[in-house]
Amino acid sequence: MYRFLLTRQWVILTLFALLLIPTMIRLGIWQMHRYETRSARNQLVSDALHAKPVPVEELTSPGHTVTTHDRYRTVTAKGHFDTAHEVVVRRRTNSDDEVGYHVLTPFVLSDGRVLLVNRGWIASDGPSQTSFPKVPAPPSGQVTVQGRLMPDETTSASGIKDLRGLPARQIMLINSEEQARRLHAEVLGGYMQQTAPEPKGDSPEQISDPGKEDAPLNYAYMIQWWLFAAGVPYGWWVLVRRERRDRAAAAQETEAEAAPASV
């Protein structure tokens, strides 16, 4: 009755189905791990953003590497901006995907150490990419700033090449060690994405909060792959029953044609 399963066509189809099941189960497990990883990262970012603000000196120091746990932590700092050593970071986009610059201004603390502050985005409206753009001035005198603590940028993490031979006061990556050498000062590790005080007038456009990774999508893919895995044996059985029915019908038809006609 089911001897057709030993034919070459059905052996290949059965082996293919048997291979599909563990493959789809494995893909579902992979999506599960992606969901767990993304959910953990989302929770870590959320915890950091909602943590109580602390002085920046409590979380970083010269030569310190900002950890994943401290990334996006809200920190505060008191001091004054040093616009004479301000630089711009090339090829940065705003929330509308317009290409421009980020404004990186040294912020001198009361003890003389320096915190790098990314004051936000400005348009690339200069006559050329080699000229220094017009940068809105920050508040003068002693001020208190607040923002998100960020790790030093690297090519491996960002995908941005650290090009050399750039125009004066223009950089590609924000790196505290490089800026320490340029400024001949003690620079705290990492930098701050400024969020307060809020910009006024033509101040740089502040960088938006980090978005959440789409973890629920990976959860949906996980369920999808496992449903596919469960559907393979069901689909195989449906095909087997259809083949058996078709063969039985063909055999009956052949017997009917071979039977002698009645008088």
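Reference entry: report on the structure contained in this document. Predicted model, so just to flag it, every value in this text is computed and none were measured. (Residues numbered from 1 in each chain as written. Predicted model: local features only at pLDDT ≥ 70, side-chain atom pairs only at ≥ 80, totals over all residues. Heavy atoms only, no water.)

## Describing the nonpolar core
One finds Val56, Val75, Ala77, Phe107, Leu115, Val145 and Met192 to be the most contacted residues of the largest nonpolar core, which totals 16 residues. Secondary structure elements with two or more residues in this core: β2 (74-81), β4 (99-109), β5 (114-123) and β6 (143-150). Other than its neighbours up to four places away in sequence, Leu115 contacts Val56, Ala77, Thr105, Pro106, Phe107, Leu188 and Met192. Counting 14 residues, the second-largest nonpolar core is a separate cluster that includes Ala48, Tyr72, Val108 and Leu183. (Core = buried A, V, L, I, M, F, W, Y, C linked by side-chain atoms within 4.5 Å. Buried < 20%, exposed > 50% of the residue type's maximum accessible area, 1.4 Å probe, protein only. Helix = DSSP H or I, 4+ residues; strand = E, 2+ residues; numbered from the N terminus. Contact = heavy atoms within 4.5 Å.)

## Observations regarding the layout of surface pockets
In this model, the largest pocket occupies a volume close to 640 Å³. Forming the boundary of the largest pocket are 29 residues, of which Arg71, Met150, Glu153, Tyr191 and Gln193 lie nearest the centre. Here the residues of the lining of the largest pocket sort into ten nonpolar, 13 polar and six charged. (1 Å grid on protein atoms, 1.4 Å probe; cavity = no way out; pocket = protein on both sides within 12 Å on 5 of 7 lines; lining within 4 Å. Points joined across faces, edges and corners; volume = space filled by probe spheres on them. Nonpolar A, V, L, I, M, F, W, Y, C, P; charged D, E, K, R; others polar.)

## Notes on the packing of aromatic side chains
Going through the model one piece at a time under the given rule, you end up with four aromatic pairs. Taking NZ or CZ as reference, Arg119 lies 5.9 Å from the ring centre of Phe81, over its face. (Phe/Tyr/Trp six-rings, centres within 6.5 Å; stacked < 30°, edge-to-face > 60°. Lys NZ or Arg CZ within 6 Å of the ring centre and 35° of its normal.)

## Things to note about the pairing of β2
Taken together, the two bridges between strand β1 (residues 54-55) and β2 define a ladder with parallel strand orientation. Residue Val54 lies in a different strand from β2, and its bridge partner there is Val75. Bridge count for β2 against β6 is six bridges, and the pairing is antiparallel. Residue pairing across strands places Lys78 opposite Thr144, the latter belonging to β6. Taken together, the three bridges between β2 and β4 define a ladder with antiparallel strand orientation. From the neighbouring strand, Phe81 faces β4, where its bridge partner is Phe107. (Pairing = 2+ DSSP bridges.)

## Re the pattern of salt bridges
Within the structure shown, the criterion is met by ten salt bridges. Residue Arg92 is joined to Glu153 by a salt bridge in which the shortest nitrogen-to-oxygen separation is 2.8 Å. Of the two residues, Arg92 sits in strand β3 (residues 87-93) while Glu153 sits in the loop between β6 and α2 (155-158), which places them 61 residues apart along the sequence. Residue classification places Glu153 among the buried residues on the basis of a relative accessible area of 14%. The network of salt bridges with common partners includes Arg38, Arg41 and Glu213. (Salt bridge = Lys/Arg side-chain N within 4 Å of Asp/Glu carboxyl O.)

These figures come from the coordinates and say nothing about function on their own.
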